[in-house]
Amino acid sequence: MSEIQLGNIWKNRLQSTFESEAMGSLKAFLRKEKDQGKVILPHSSLWFNALNTTAPDDVKVVILGQDPYPTPGHAHGLCFSVLPEVKPIPKSLINIYKELQDDLGIVNHSGHLQSWAEQGVLLLNSVLTVESGQANSHQGKGWEVFTDAIINELNNQSRPIAFVLWGAYAQKKGAIIDTKRHFVIRSPHPSPLSAYRGFFGSKPFSQINQFLRQQDLQEIDWHIKD
């Protein structure tokens with residue numbers, strides 16, 4: 001895990017959280033998992049990919065996920081995103097793309113969302129690691145404290161940000177967001193179990209771009225190059 005790196009801007013803003021008891025417990029847990037030969041996903045160099053790609057002052061949009069894909073070769077540190085070679089695309093992302101096509105007429109074939117992150121979309125999972133093949137296995141180990149601090153840092157910024165909260169888990173985690181200052185989109189999760197309960201037809205992408213126009217900010221280009 002020697003390749004773990006977080007850029008200085010985020011590191012400085014989250015310094016007190018890094019020094020917290022929760023993060024100490026998390027580090028001990030991850031070290032023990034590694035020592036026991038368990039495979040942790042994504043690779044340690046990608047744990048902070050979302051933060052390293054989208055600096056705090058560049059964040060226009062936050063899409064909040066739960067935890068990484070537990071399938072080797074899928075997760076790379078951005079929620080809902082997979083590495084370019086992954087086929088088929090995960091079902092939740094397929095539904096996100098269906099809604100994107102219905103909303104803005106955009107058709108994407110690659111599930112690699114890095115270009116969204118590079119435009120200011122913070123694709124943040126609540127939990128940043130998972131044991132290979134064991135979904136949700138690193139929940140409750142300390143990552144939630146860390147990602148709560150990220151949300152709190154962004155919530156306290158004076159400039160408005162669009163927060164996208166898909167599903168009950170994200171909505172509970174985003175309860176601290178000041179809706180008078182920020183633009184918050186809430187809908188059911190895009191998973192096959194819930195997408196038809198109100199995710200489809202919610203048109204989040206056009207809403208986000210309308211919000212950005214109102215803030216005199218560059219819209220997000222939601223096209224993904226294959």
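Above this text you will find the structure in question.
Before going into details, it helps to say that this report is about the structure given with it. Predicted model, so just to flag it, every value in this text is computed and none were measured.

Broken down by element type, the protein carries nine helices and six strands. Over its C-alpha atoms the protein spans a radius of gyration of 17 Å, differing by no more than 12% from the 17 Å that the globule rule assigns to 226 residues. By its C-alpha atoms, the protein is 50 × 40 × 30 Å across when sized along the principal axes. When the 226 residues of the protein are sorted by exposure, 50% land in the buried category. Of the roughly 10,700 Å² of accessible surface on the protein, 49% is carried by carbon and sulfur atoms.

Taken together, four strands build an open sheet; the order of strands is 3-2-5-6 and the sheet is parallel. For this open sheet the edge positions go to strand 3 (121–125) and strand 6 (183–187), each flanked by a neighbour on one side alone. This sheet shows a mean twist of 15° between the axes of neighbouring strands, independent of strand direction. Where strand 5 (residues 162–166) meets strand 6, five bridges bridge the pair, whose relative direction is parallel. Of the residues in strand 6, the one forming a bridge with Leu165 is Arg186. Sheet strands in contact with helix 7 (residues 143–155) are strand 2 (61–65), strand 3 and strand 5, and its direction is about 150° off that of strand 3.

Tallied over the full model, the rule gives seven salt bridges. Between Lys173 and Asp148 there is a salt bridge, with the nearest N and O atoms lying 2.5 Å from each other. Here Lys173 is found in helix 8 (residues 167–173), whereas its partner Asp148 is found in helix 7, with 25 residues between them in sequence. Here Lys173 falls in the buried class, since its relative accessible area comes to 10%. Across the salt bridge formed by Glu219 and Arg213, the nearest N and O atoms sit 2.8 Å from each other.

When you line up the elements, Asn156 lands in the loop between helix 7 and strand 5. The spacing of Asn156 and Gly7 is 149 residues in sequence and 20 Å in space, taken between C-alpha atoms.

Considered for burial, the residues of helix 9 (residues 204–214) that qualify are Pro204, Phe205, Ile208, Asn209, Phe211 and Leu212. Along the long axis of helix 9, the arc covered by the buried residues comes to 155°, so they all point the same way. Once helix 9 finishes, Asp216 follows within two positions and takes phi at roughly 60°, a positive value.

To continue, consider the nonpolar core. Soluble globular proteins: nonpolar side chains tend toward being buried together. Core analysis: the largest hydrophobic core is formed by 65 residues, its most contacted members being Trp116 and Phe146. Looking at this core, the element that brings in the most residues is helix 7, giving six residues. Those residues within four positions of Phe146 in sequence are excluded, and the remaining contacts are Leu6, Leu14, Thr17, Phe18, Met23, Phe48, Leu51 and Leu128.

This paragraph deals with the pairing of strand 5. Along strand 5, five of the five residues are buried, which leaves the element largely enclosed by surrounding structure. Here strand 2 runs beside strand 5; their pairing, made up of four bridges, is parallel. What sits directly across from Val61, in strand 5, is Ala162. The β-α-β motif built from strand 5, the intervening helix 8 and the parallel element strand 6 has right-handed crossover chirality.

Looking at the element boundaries, Ile151 is found in helix 7. When its relative accessible area of 2% is taken as the criterion, Ile151 is described as buried. Between the C-alpha atom of Ile151 and that of Ile177, which follows or precedes it by 26 residues, the distance is 7.8 Å. When near neighbours in sequence (up to four residues on either side) are disregarded, Ile151 contacts Leu64, Leu124, Lys173, Ile176 and Ile177.

What follows covers empty space enclosed by the protein. Scanning all chains against the criterion turns up one cavity of 30 Å³ or more. Considering only enclosed or pocket space, the largest cavity measures out at about 40 Å³ in volume. Taken together, Trp47, Pro68, Ala75, His76, Gly77, Leu78, Asn125, Val127 and Leu128 make up the full set of residues lining the largest cavity. Here the residues of the lining of the largest cavity sort into six nonpolar, three polar and no charged.

Cut-off values and rules
- All chains use their own residue numbering, which begins from 1 and follows the written sequence.
- Per-residue local features of the predicted model are confined to residues with pLDDT of at least 70, and side-chain atom pairs are confined, for both listing and counting, to 80 or more; whole-chain, interface and lining totals are unaffected and use all residues.
- The side-chain values count all of the structure's non-hydrogen atoms but skip hydrogen atoms and water molecules.
- Secondary structure is summarised from DSSP: a helix means a run of H or I of at least four residues, a strand means a run of E of at least two, and numbering begins at the N terminus for each.
- Values of the radius of gyration come from C-alpha atoms, whereas the globule rule sets the reference at 2.2 Å times the count of residues to the power 0.38.
- When a residue's accessible area, from a 1.4 Å probe over protein chains only, is under 20% of the maximum for its type it is buried; when over 50% it is exposed; and in between it is partly exposed.
- Each accessible area is a Shrake-Rupley estimate made with a 1.4 Å probe; only the visible protein chains count as cover when residues are assessed.
- At least two bridges found by DSSP between two strands is the condition for calling them paired.
- Every axis corresponds to a line fitted to the C-alpha atoms, with the helix fit spanning only the stretch in contact, and the corresponding angles, defined between N-to-C directions, vary from 0 to 180 degrees.
- Contacts are assigned to residue pairs with any non-hydrogen atoms lying within 4.5 Å of each other.
- The salt bridge definition used is simple: a Lys or Arg side-chain nitrogen within 4 Å of an Asp or Glu carboxyl oxygen.
- Directions are taken from the helix axis to each C-beta atom, and the arc is the one they span.
- We call a set of buried Ala, Val, Leu, Ile, Met, Phe, Trp, Tyr and Cys residues a nonpolar core when their side-chain atoms join them within 4.5 Å.
- Assignment of crossover handedness uses the view with strands pointing away from the viewer, where a clockwise path from the first strand over the helix to the second indicates a right-handed crossover.
- Think of a 1 Å grid over just the protein atoms. A cavity is a set of points where a 1.4 Å probe fits yet cannot get out, a pocket is an open set with protein on both sides within 12 Å along at least five of seven lines, and lining residues have an atom within 4 Å of a point.
- Grid points are joined across faces, edges and corners, and a volume is the space filled by probe spheres set on the points.
- Ten residues, namely Ala, Val, Leu, Ile, Met, Phe, Trp, Tyr, Cys and Pro, are considered nonpolar, four, namely Asp, Glu, Lys and Arg, are considered charged, and the remaining ones, Gly among them, are considered polar.

From the geometry alone we can't say anything about function, so treat these as descriptive.
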